[in-house]
Amino acid sequence: MSETSPKLRAELDGIPTYKPGKPAAAGGPVAYKLSSNENPYPPLPGVMDSVIASAQGFNRYPDMACTGLMNELADRFGVPVTHLATGTGSVGIAQSLLQSTSGPGDEVIYAWRSFEAYPIITRISGAKPVQVPLTAGDVHDLDAMADAITDRTRLIFVCNPNNPTGTVVRRAELDRFLDRVPSDVLVVLDEAYREFIRDADVPDGIEVYRNRPNVAVLRTFSKAYGLAGLRVGFAVAHEPVAAALRKTAVPFGVTQIAQDAAVASLRAEDELLGRVGSLIGERARVYDTLCRQGWTVPETQANFVWVRLGDRTADFAEACERAGVVVRPFAGEGVRVTIGETEANDIFLHTAEAFRKVL
Ligand SMILES: *Cc1c(COP(=O)(O)O)cnc(C)c1O
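Fair warning: this is a prediction, and the values are worked out from it, not measured in the lab.

Chemist: Is there a simple way to think about the site of the ligand in this case?
Modeler: Taken together, 13 residues lie around the ligand, and Ser90, Tyr193, Thr220, Ser222 and Lys223 are the ones closest in. In this structure, an oxygen atom belonging to the ligand sits 2.5 Å away from a side-chain N or O atom of threonine 220. At a separation of 2.7 Å, an oxygen atom of the ligand approaches a polar side-chain atom of arginine 231. For the ligand, the accessible surface in isolation is 390 Å², of which the surrounding protein chains cover 93%. At 3 residues, the largest contribution of residues to the shell around the ligand is made by helix 3 (residues 89-101).

Put into structure tokens, the structure is as follows:
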């Protein structure tokens, strides 16, 4: 009998595996990880206490409806519980959104370069990715994205601020775009870095969604709230989208530890957002220093900066690593560098300065 492997869906052929940010090298002199946009601060003591308390019960399944967290989110953001869905990070929810809207023959539009998960999860769904290049200034080209809509379009991602460039779309241009999108196409505002925005002209997606039934907003506890390792995010959307999300979510996906830690984080929001304020201070320092060194860096509203290096990208990333910081290279394009601890940012800036001189 000849052996054949189990039949897998043809859509999976050639889909790249998600590439995580490289960990900081073990055993080096100093090693800081600036490759995954994580929060550099350790968990708050109160959040840690909640995690330790809920860990006592992990022989039991979690509350599948995430009741405590859903109620807390409904209060905090002024939305009905029926407009909320939680998931294993906002990427888990994005995957549910695709599963709920798109399949073979459908099209999904997003900017490029943008978040690396979009092409992967789009292709897993079987839908066709339609990538619309960023403008010369590394900003979403919303006019071109609206022009790319066809009667096969089911979902459009708008990553605001955009990963990896840190650039934003502002209220007027977003409204103009949304006015052009047919009401049966879902627009997903991915706001993973919302808490880092200081530009008052950038709209809060949760305000935008209120009178637009085809808008869904993704938020996460992974970045500003510092819970990346616990995997919890949420979506705000009207029915029937929110209901579809609850239907397609992996049962018991969000652990009780994650649910309780998210509630504790919302209750400690002042302290957490104080830390975000310090990171924003560091962001300004990193940005200003890079500009003074002669780099052209797009203005960032996230906890990272984007440095275009073209052919020198890999060399630059290696230089950073030798100096003690791990950054995120995108071969042939540039590096994304997370704003981290002051010492880590200093190492990056010194490396950038030295590299500039030999460029
Ligand atoms: C980090 C990030 C997320 C968050 O992912 P989680 O699954 O919530 O950890 C979502 N979207 C973008 C654009 C991101 O950069």
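That covers the picture; the talk isn't over yet.
Chemist: Explain helix 2 (residues 67-77) here, please?
Modeler: Think of an α-helix as turning once every 3.6 residues; residues three or four places apart then point the same way. Those residues of helix 2 that sit buried are Leu69, Met70, Glu72, Leu73, Ala74 and Phe77. Two residues or fewer past helix 2, glycine 78 is found with a positive phi of approximately 65°.

Chemist: What am I meant to see in the side chain of glutamine 259 here?
Modeler: Considering the arrangement of structural elements, one finds glutamine 259 in helix 9 (residues 256-267). For glutamine 259, a relative accessible area of 2% gives the class buried. A polar contact is formed between the side chain of glutamine 259 and the backbone oxygen of aspartate 63, at a distance of 2.9 Å. Reaching out from glutamine 259, the side chain makes a polar contact with the backbone oxygen of valine 254 at a distance of 3.0 Å.

Chemist: So what exactly am I meant to see when it comes to the pattern of salt bridges here?
Modeler: When charged atoms on two side chains of opposite charge get close, those side chains can pair. As enumerated under the stated definition, the model contains 22 salt bridges in all. The closest approach of N and O atoms between arginine 308 and aspartate 138, which form a salt bridge, is 2.7 Å. One end of the pair, arginine 308, is in strand 9 (residues 304-308); the other, aspartate 138, is in the loop between strand 4 (128-133) and helix 5 (142-147), and 170 residues separate them in sequence. Ionic pairing is found between arginine 176 and aspartate 143, a salt bridge with its closest N-O pair at 3.8 Å. One end of the pair, arginine 176, is in helix 6 (residues 171-180); the other, aspartate 143, is in helix 5, with 33 residues separating them in the sequence. We classify arginine 176 as partly exposed; its relative accessible area is 46%.

The rules behind these values
- Residues numbered from 1 in each chain as written.
- Predicted model: local features only at pLDDT ≥ 70, side-chain atom pairs only at ≥ 80, totals over all residues.
- Heavy atoms only, no water.
- Near = heavy atom within 4 Å.
- Polar contact = N/O pair within 3.5 Å; in protein donor to acceptor, adjacent residues only side chain to side chain.
- Areas by Shrake-Rupley, 256 points an atom, 1.4 Å probe, with all protein chains shown as cover.
- Helix = DSSP H or I, 4+ residues; strand = E, 2+ residues; numbered from the N terminus.
- Buried < 20%, exposed > 50% of the residue type's maximum accessible area, 1.4 Å probe, protein only.
- Salt bridge = Lys/Arg side-chain N within 4 Å of Asp/Glu carboxyl O.

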